[in-house]
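Geometric and topological summary
This is what each chain is made of:
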Amino acid sequence: MKSRPKHDFSAIDRILLDEETIQRRVTELAARISADYAGANEDGLVLVGVLKGAFIFLADLARRLTVPHHVDFIALSSYNRGAVSTGAVRLIMDTRIPVTGRHVLIVEDIVDTGYTLEYLIRNFRARGTASLRTCVLLSKPERRKVDVPIDYLGFEIPDVWVVGYGLDFADLFRTLPYIAGLKREVYEK
Ligand code: IMP
């Protein structure tokens, strides 16, 4: 078997959320979502994961749901490079499952300025879903530029660039099982 990709651990400042803490919270979120959607129609729930950052969170969450559900993905881009937000959101890949008249739950890794989630909510509202909610693993409230509703939230974190559990920096660190903050000099260059 191939060895795991090598990460440059010298870029990491500290672990903010360890594997056990994340897994416990994901289990709690899945239980709440399962209870809330227990009465959903037989078409069930459509989980829309936002690529790439939400792929691990969505995989763990979906496998713990006890209600019928479909899995789909959408890909967006909200940053030109590094950690500099432009506020502009671009749709790169759309969902394939029709969502009109269905219960949609947007699954996002992190809400920072809020521009991405605001765009998604507006976009899905226009498609006439039966209901629309959001499930977000991490939120950085200090960085918010626009107010967005988060129905299911994993954790609030401080204003640091985090990696791991799906989240990246320059497409690295996604497969770490924990969430770590990078050293400020790494992302504020
Ligand atoms: P927003 O539009 O500013 O809320 O940013 C949302 C997107 O920015 C997320 O889906 C992530 O892709 C990315 N992002 C924001 N903060 C971080 C971070 O600390 N680590 C990794 N990605 C982040």
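It should be noted that the structure appears before, not after, this text.
Let us look at the structure shown here.

The rules behind these values
- Residues numbered from 1 in each chain as written.
- Predicted model: local features only at pLDDT ≥ 70, side-chain atom pairs only at ≥ 80, totals over all residues.
- Heavy atoms only, no water.
- Phe/Tyr/Trp six-rings, centres within 6.5 Å; stacked < 30°, edge-to-face > 60°.
- Buried < 20%, exposed > 50% of the residue type's maximum accessible area, 1.4 Å probe, protein only.
- Helix = DSSP H or I, 4+ residues; strand = E, 2+ residues; numbered from the N terminus.
- Contact = heavy atoms within 4.5 Å.
- Polar contact = N/O pair within 3.5 Å; in protein donor to acceptor, adjacent residues only side chain to side chain.
- Pairing = 2+ DSSP bridges.

1. Remarks on the packing of aromatic side chains
Any aromatic ring pair is given by two values, namely how distant the centres are and how the planes are angled relative to each other. The final tally for this structure, using the stated rule, is one aromatic pair. For the pair W161 and F169, a centre-to-centre distance of 6.4 Å together with 75° between the ring planes defines the contact as edge-to-face. A relative accessible area of 15% means that W161 is categorised as buried. By relative accessible area, which is 16% here, F169 ends up buried.

2. Some thoughts on the environment of F57
Examined against the element boundaries, F57 turns out to sit in helix α2 (residues 55-62). As for F57 and D109, which are separated by 52 residues in sequence, their C-alpha atoms are 7.1 Å apart. F57 has contacts with V26, L29, V107, E108, C135, V136, L137 and Y165, leaving out every residue within four places of it along the chain.

3. Let's talk about the side chain of S139
Relative to the helices and strands, S139 is located in strand β6 (residues 131-139). Classification of S139 as buried rests on a relative accessible area of 2%. For S139, the side chain forms a polar contact with the side chain of R144, separated by 2.7 Å. Apart from the residues lying within four places of it in its own chain, the contact partners of S139 are V111, R144, I150, L153, F155, E156 and I157.

4. Examining the sheet that holds strand β1 (residues 12-17)
Strand order in the open sheet formed by three strands is β1-β9-β8, and the pairing between neighbours is antiparallel. Of all strands in the sheet, those with a lone pairing partner are β1 and β8 (162-163), marking the two edges. Relative to strand β9 (residues 179-182), β1 is paired through four bridges, and the arrangement is antiparallel. The partner of I15 across the bridge, within β9, is A180.

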